[in-house]
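Coordinate inspection notes
Here is how the chains run, residue by residue.
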Amino acid sequence: MAEEQEKKTFDWLPEGMEPLADGEYDAIIMGTGLKECVISGLLSVQGMRVLQMDRNNYYGADGASLNLTNLYKKFNAGEPPENLGSNRDFNVDLIPKFIMACGNLTKMLLHTKVTRYLEFKSIEGSYVYKGGKILKVPATPEEALRSPLMGLFEKRRFRSFLVFVDTYDETKPETHKGKNLAVMTMKQLYESFGLQPDTHQFISHAMCLQLDDAHLDQPALATVKDLQTYCYSLSRYGTSPYIYPVYGLGGLPEGFSRLCAIHGGTFMLNRDVDEIMYNDEGEAIGVKSGNEMARAKFVVGDPSYFPTEKVRQTGQIVRCICFLNHPIPNCGDLESVQIIIPGPQVNRKNDIFVCSIASSHAVSARGVYVAIVSTKMEGEDADKEVVPGLALLGHIMQRFTMVATTYEPMSDGNSDKCYISSSFDASSHFEADVDDLLSLYKRVTGKDLDMNINADSVEADY
């Protein structure tokens with residue numbers, strides 16, 4: 001049988017070239033980032049023959065979780081100090097993000113049953129930076145009434161606003177209270193409840209997870225739905241709306257890769273793509289790696305696998321990974337928190353995101369806290385961009401800084417059969433990235449992914 005496989009040949013294979021793996025596939029996926037692995041898992045479940053390749057010798061691509069040795073090696077930082085603990089205790093995310101407990105990524109995990117391969121824990125606290133202070137985002141109406149975020153009368157208006165949002169149903173006009181959210185802007189909605197600009201900012205950035213203020217002048221419906229997801233997730237687990245996989249985010253692409261493999265997918269790590277091959281119509285028909293080739297009906301991948309004429313730059317993101325020997329100050333000694341610094345609070349357009357996790361999520365040795373600060377670059381000096389976030393951390397034992405250029409595809413991929421994902425954004429949550437993933441799935445398959453599943457179904461001990 002092995003000899004027969006070695007002698008396998010195809011009419012399309014040039015002389016001197018060997019078939020790559022089985023030679024012919026429905027889809028070739030380049031990269032093992034989360035988006036690529038979700039696509040490969042979903043396609044394989046539908047019966048497609050999938051080949052997935054990655055130039056790295058680990059899963060996750062730019063979103064991998066690294067142990068201590070690999071982390072220091074990536075940043076050319078020498079040997080890890082012995083006082084940090086054992087190498088195997090660390091699973092440090094290169095692109096750290098939390099998962100909305102009842103959001104679309106959770107639904108995707110449930111839809112594909114990848115939750116069976118992963119264990120999740122809730123994040124203990126959600127905070128917002130206002131007026132030079134770190135303040136807790138209220139988790140209950142009672143907390144809202146005690147919160148220093150607002151004055152007494154503003155709290156009552158805020159509560160009325162939340163009651164409206166909680167009961168609002170797009171399909172039931174009696175819940176609209178005369179407000180047409182498909183026309184009314186988010187700013188007009190806030191003002192209709194008498195809410196002050198400072199409250200607009202706190203709700204929009206810390207709860208609706210908007211990255212800037214552009215949404216204020218757009219129809220309110222989409223932002224209200226984001227707020228409903230936040231409140232639903234928050235009420236589900238009580239302390240914050242976020243969950244996070246034990247052992248780091250690297251488990252997510254690995255889980256979807258396992259799904260793909262179970263359904264017959266082929267994986268090749270440590271194998272780069274030298275060239276994407278095209279037919280006379282300019283459509284991708286396969287890839288070349290060394291003296292081996294494989295053909296497929298289309299290719300999918302992250303921007304780094306495609307020529308520059310197929311992607312455009314969308315900016316740069318700075319991320320700082322910091323090791324602390326204490327929890328982030330002024331957050332109630334909690335191990336796992338998210339802090340959002342709305343851009344306008346520190347004279348910026350874009351928000352700064354701060355998050356921390358520790359040994360309870362099995363990402364570091366006991367007593368070591370991993371804090372990450374990230375934001376979209378607005379100037380040339382990466383260190384200057386993250387100063388407001390770093391200032392909240394207290395003493396930093398070790399810091400790694402990286403600047404990543406972000407890309408998006410130039411076209412939808414239908415004309416050239418090259419379906420390209422967008423780079424991950426600067427936020428510390430997956431909401432916008434999942435929108436891109438759903439768009440990628442629709443471009444590849446021509447249909448929407450069925451998301452009609454109750455996100456309460458996660459079978460895990462949070």
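Thresholds, definitions, all that
Residues numbered from 1 in each chain as written. Predicted model: local features only at pLDDT ≥ 70, side-chain atom pairs only at ≥ 80, totals over all residues. Heavy atoms only, no water. Helix = DSSP H or I, 4+ residues; strand = E, 2+ residues; numbered from the N terminus. Rg over C-alpha atoms; globule rule 2.2 N^0.38 Å. Buried < 20%, exposed > 50% of the residue type's maximum accessible area, 1.4 Å probe, protein only. Contact = heavy atoms within 4.5 Å. Lys, Arg positive; Asp, Glu negative; His and termini not counted. Charge placed at Lys NZ, Arg CZ, Asp CG, Glu CD. Core = buried A, V, L, I, M, F, W, Y, C linked by side-chain atoms within 4.5 Å. Phe/Tyr/Trp six-rings, centres within 6.5 Å; stacked < 30°, edge-to-face > 60°. Lys NZ or Arg CZ within 6 Å of the ring centre and 35° of its normal. Axes fitted to C-alpha atoms, helices over the stretch in contact; angles between N-to-C directions. Parallel < 35°, antiparallel > 145°, perpendicular 65-115°, else oblique. Left-handed = near helix turned anticlockwise from the far one by under 90°. Nonpolar A, V, L, I, M, F, W, Y, C, P; charged D, E, K, R; others polar. Pairing = 2+ DSSP bridges. Salt bridge = Lys/Arg side-chain N within 4 Å of Asp/Glu carboxyl O. pLDDT = per-residue confidence, 0-100. Expected span 1.5 Å × (residues − 1).

1. Side note on the overall build of the chain
Looking only at helices and strands, the chain features 13 helices and 21 strands. Its C-alpha atoms give the chain a radius of gyration of 23 Å, near enough to 23 Å, the size a compact globule of 462 residues would have. Looking at the 462 residues of the chain, the share that counts as buried comes to 54%. The long-range share in the chain, meaning contacts at least 24 apart out of those at least 6 apart in sequence, stands at 71%. The average position of the 45 basic charges and that of the 62 acidic charges among the side chains of the chain differ by 6 Å.

2. Topic: the nonpolar core
Counting residues in each nonpolar core, the largest one holds 98 residues, and the members touching the most others are Phe-161, Leu-189, Phe-202, Leu-252, Ile-321 and Phe-323. If near-sequence neighbours (up to four positions away) are discounted, Leu-252 is found in contact with Leu-34, Ile-99, Leu-105, Leu-109, Leu-118, Phe-120, Pro-245 and Phe-430. Grouped together as the second largest cluster of nonpolar side chains are 26 residues, Leu-334, Val-386, Leu-390 and Leu-392 included.

3. Considerations on the packing of aromatic side chains
The final tally for this structure, using the stated rule, is 15 aromatic pairs. Geometrically, the ring pair formed by Phe-10 and Trp-12 is stacked, given 5.0 Å between the ring centres and 20° between the ring planes. Relative to Tyr-242, the ring of Phe-98 lies with its centre 6.0 Å away and its plane at 45°, an arrangement referred to as tilted. Here Tyr-242 lies in strand β10 (residues 242-245) and Phe-98 lies in the loop between β5 (92-93) and β6 (99-100), a separation of 144 residues in the sequence. Assessed through its relative accessible area of 1%, Phe-98 is described here as buried. For Tyr-242, a relative accessible area of 0% translates into the label buried. Members of the aromatic cluster, each reached through a chain of ring pairs, are Tyr-72, Phe-75, Phe-90, Phe-323 and Phe-400. Over the ring of Tyr-305 we find Arg-55, and its NZ or CZ is 3.9 Å from the ring centre. It is Lys-97 that lies over the ring of Phe-430; its NZ or CZ is 5.9 Å from the centre.

4. Here we look at the packing of helix α2 (residues 34-45) against helix α13 (residues 431-445)
One way to put it is that α2 packs onto α13 with a least axis distance of 10 Å and a crossing angle of 40°. For the element pair α2 / α13, the angle class is oblique. In this structure, α2 meets α13 at a crossing whose hand is right-handed. Each of Lys-35, Val-38, Ile-39, Leu-42 and Leu-43 in α2 lies in contact with α13, whose residues at this interface are Asp-433, Asp-436, Leu-437, Leu-440, Tyr-441, Val-444 and Thr-445. For the contact of α2 with α13, the residue count by class is eight nonpolar, one polar and three charged.

5. Here we look at the pairing of strand β12 (residues 275-278)
Pairing geometry for β12 and strand β13 (residues 284-289), over four bridges, is antiparallel. Each bridged residue has a counterpart across the sheet, and for Tyr-278 the counterpart in β13 is Ala-284.

6. With respect to the pattern of salt bridges
Within the structure shown, the criterion is met by 18 salt bridges. A salt bridge links Lys-97 to Asp-425, with the shortest nitrogen-to-oxygen separation between them at 2.5 Å. Of the two residues, Lys-97 is situated in the loop between β5 and β6 and Asp-425 in the loop between β21 (418-420) and α13; the sequence distance between them amounts to 328 residues. Accessibility assignment for this pair places Lys-97 and Asp-425 in one class, buried. If you follow the salt bridges from partner to partner, you end up with Lys-35, Lys-97, Asp-425, Asp-433 and Asp-436 in one network.

7. Notes on the side chain of Asn-350
Looking at where Asn-350 falls in the secondary structure, it is placed in the loop between β17 (337-341) and β18 (352-357). If we skip the residues at most four places from it in the chain, Asn-350 touches Leu-211, Gly-343, Thr-375, Lys-376 and Glu-378.

8. Points about the side chain of Asp-54
Mapped onto the fold, Asp-54 is located in the loop between β3 (50-53) and β4 (65-66). Look at Asp-54: it is buried, it has no salt bridge, and the nearest opposite charge is Arg-55 at 6.1 Å. Residues in contact with Asp-54, not counting those within four places in the same chain, are Gly-31, Thr-32, Ala-61, Met-268, Leu-269, Asn-270, Arg-271 and Tyr-305.

9. As for the sheet that holds β6
Spatial strand order, β6-β10-β7: three strands in an open sheet with antiparallel pairing. Pairing within the sheet leaves two strands with one partner each, and these edge strands are β6 and β7 (120-122).

10. Some points on the environment of Ala-365
Mapped onto the secondary structure, Ala-365 falls in the loop between β18 and β19 (369-376). Judged by its relative accessible area of 7%, Ala-365 is buried. For Ala-365 and Leu-84, which are 281 residues apart along the polypeptide, the C-alpha to C-alpha distance reads 7.0 Å. The residues contacting Ala-365, other than those within four sequence positions of it, are Leu-84, Gly-85, Asp-89, Phe-90 and Ser-359.

11. Some words on the confidence of the model for the chain
Per-residue pLDDT for the chain has a mean of 91; in total, 96% of the residues score no lower than 70. For the chain, per-element mean pLDDT is lowest for helix α1 (residues 2-6), which scores 49, and highest for β21, which scores 98. Note on residues 1-5: pLDDT under 50 across the span, and zero contacts to partners over four residues away in sequence or across chains.

12. Digging into helix α9 (residues 221-237)
Three- or four-residue spacings in an α-helix give side chains the same orientation, since the helix completes a turn every 3.6 residues. Look at α9: 25 Å from first C-alpha to last across 17 residues, which is about the 24 Å you get at 1.5 Å a residue. Those residues of α9 lying buried are Leu-221, Thr-223, Val-224, Leu-227, Tyr-230, Ser-233, Leu-234 and Tyr-237.

13. Some details on helix α6 (residues 152-167)
The first and last C-alpha atoms of α6 sit 23 Å apart over 16 residues, in line with the 22 Å expected at 1.5 Å per residue. All of the buried residues along α6 are Glu-154, Lys-155, Phe-158, Phe-161, Phe-164 and Val-165.

14. Comments concerning the packing of α6 against α9
Between two packed helices, the angle of one axis relative to the other and the distance separating the axes together describe the packing. Packing of α6 against α9 leaves a shortest axis separation of 9 Å and a crossing angle of 95°. It follows from the interaxial angle that α6 and α9 lie roughly perpendicular. From α6, Phe-161, Leu-162 and Val-165 reach across to α9, where they touch Val-224, Leu-227, Gln-228 and Cys-231. The residue makeup of the contact of α6 with α9, split by class, is six nonpolar, one polar and no charged.

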